[in-house]
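# Commentary on secondary and tertiary structure
Okay, here's what each chain looks like letter by letter:
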Amino acid sequence: MTAGTAVEAGASTAEEDAMRRAIELAATALGRTSPNPVVGCVLLGPTGRPVGEGFHRGAGHMHAETEALATAGSRARGGTAVVTLEPCAHQGRTGPCADALLSAGVARVVYAVPDPDPVATGGAQKLLAAGVSVAGGVLRAEAERGNELWLTAVRQGRPCVTWKFGGSLDGRSAAPDGTSRWITGSESRADAHTLRAQHDAVLVGSGTLRADDPHLGLRHGVAGRPPLRVVLDRTGSISSRARVLDDAAPTLVVVGRGVAAPRLPGRHEVVELPAPGGRLDLKALTDALYGRGLRSVLVEGGARLAAAFASRGLLDRVVGYVAPVLLGSAGRAVLDDFGAGTLSEGLRLQLSDVRQLGSDVRLVLRTRPLDEAGVPC
């Protein structure tokens, strides 16, 4: 392919190394950029040496490319921009990144993932039309994994939904007498708070609220912006003393349409949704959360709620912390029945990552097959 007329494939070793660094930079902002993606950028000077870098810190802040250009200054002219996502071509809160790269005199742009957002896409073609050499798909799979929550949300038109559970090797979240603290070890619990911090919202049902009175904030030394706490409480029975109603983070209480809304203290909010058959409409819920700019939701409880998301086809990922303990069939199952009457109706998962945390094993899985580019479809 001729430079300036079509997007090339492949990159130099220096460009691939720069892309790995850009992916690292992007990951530092997980959980803070919605409704925008996480993006990292490294600028190489004309000699191929790094002269600037940046990442998108959040909506309204500079995009990764413009932050990198600001650190590089005149050293960017004639150089290469290496970025995890195709530079945008639209005017939003900030100007088009493609225009900023052109103004800086960048001679080449290397990106990992084409932008699937129909509003923002087109940067590669704008750069090509201006005579810039463009290469795409460089370390695409690695960059996609780092931006999986946002990419899934854009493709689905709703937040990416992850179910997190901690349980025994035989799939139990509590012993027959109801005791559950602590099935998993301290390493798993700390990692679960890191996972929580990477999501825009954390979601529980009223059953978990009554049984455990969870706080749903960030602990174990995990820093960052706490996610929006979402409680599904169809009948509006939440207690004004519930821990989720403190000042650590805002809370959204979802009740059934027509239910008398509970009076909540502070900055918390009540929203009504349809509840056909006595159960809140989860599709209406995900639509409402997406409309609020949320691109990722972590479902933390309980077994019935997780099964409801699975039965509606609204579950995208599963993160399981599995402890080396057996509790037997009398223990409380991590997942309720979701309608799989035979083996072929079971929800087959794709393994994405396995990691040992202390004595536990953390499994990260996807519920949907990948398309040819490696992105959940």
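Coordinates for the structure precede this section.
The structure presented is a predicted model; accordingly, all values stated were derived computationally and were not measured.

About the cut-offs
- Residues numbered from 1 in each chain as written.
- Predicted model: local features only at pLDDT ≥ 70, side-chain atom pairs only at ≥ 80, totals over all residues.
- Heavy atoms only, no water.
- Pairing = 2+ DSSP bridges.
- Helix = DSSP H or I, 4+ residues; strand = E, 2+ residues; numbered from the N terminus.
- Axes fitted to C-alpha atoms, helices over the stretch in contact; angles between N-to-C directions.
- Buried < 20%, exposed > 50% of the residue type's maximum accessible area, 1.4 Å probe, protein only.
- Polar contact = N/O pair within 3.5 Å; in protein donor to acceptor, adjacent residues only side chain to side chain.
- Contact = heavy atoms within 4.5 Å.
- Core = buried A, V, L, I, M, F, W, Y, C linked by side-chain atoms within 4.5 Å.
- Salt bridge = Lys/Arg side-chain N within 4 Å of Asp/Glu carboxyl O.

Another point: the sheet that holds strand 12 (residues 296-301). Reading across the sheet, the nine strands line up as 11-10-9-8-12-6-13-16-15 and stay open at both edges, with mixed pairing between neighbours. Edge positions in the open sheet fall to strand 11 (269-273) and strand 15 (350-357), since each of these has one partner strand only. For this sheet, the mean angle separating the axes of adjacent strands, direction not counted, is 20 degrees. Where strand 15 meets strand 16 (residues 360-366), seven bridges bridge the pair, whose relative direction is antiparallel.

Here E300 shows up in strand 12. Residue E300 is classed as buried on the basis of its relative accessible area, which comes to 16%. Side chain to side chain, E300 and R196 meet in a polar contact 2.8 Å long. Beyond its immediate stretch of four places on either side in the chain, E300 contacts K164, R196, V202, L203, V204 and L216.

Proteins that are soluble and globular tend to have nonpolar side chains buried together. Core analysis: the biggest nonpolar cluster contains 45 residues, and M19, L43, V106 and V109 have the highest contact counts within it. If one sorts the elements of this core by residue count, helix 1 (residues 13-27) sits on top with six residues. Counting 29 residues, the second largest nonpolar core, distinct from the first, contains L232, L252, L280 and F309.

Another point: the pattern of salt bridges. This model, assessed by the stated rule, comprises 19 salt bridges. Here E300 and K164 are joined by a salt bridge, their closest N and O atoms 3.5 Å apart. Here E300 is found in strand 12, whereas its partner K164 is found in strand 6 (residues 160-168), with 136 residues between them in sequence. Residue E300 shares its accessibility class with K164, and that shared class is buried. The partner of E269 in a salt bridge is R292, with the nearest N and O atoms 2.8 Å apart. With a gap of 23 residues between them, E269 in strand 11 and R292 in the loop between helix 9 (282-291) and strand 12 connect regions that are remote in the sequence. Accessibility expressed as a relative area gives 36% for E269, which makes it partly exposed. Several salt bridges converge on common partners, so that one network encompasses D191, D353, R355 and R362.

Geometric descriptors of this kind do not, in isolation, establish any biological role.
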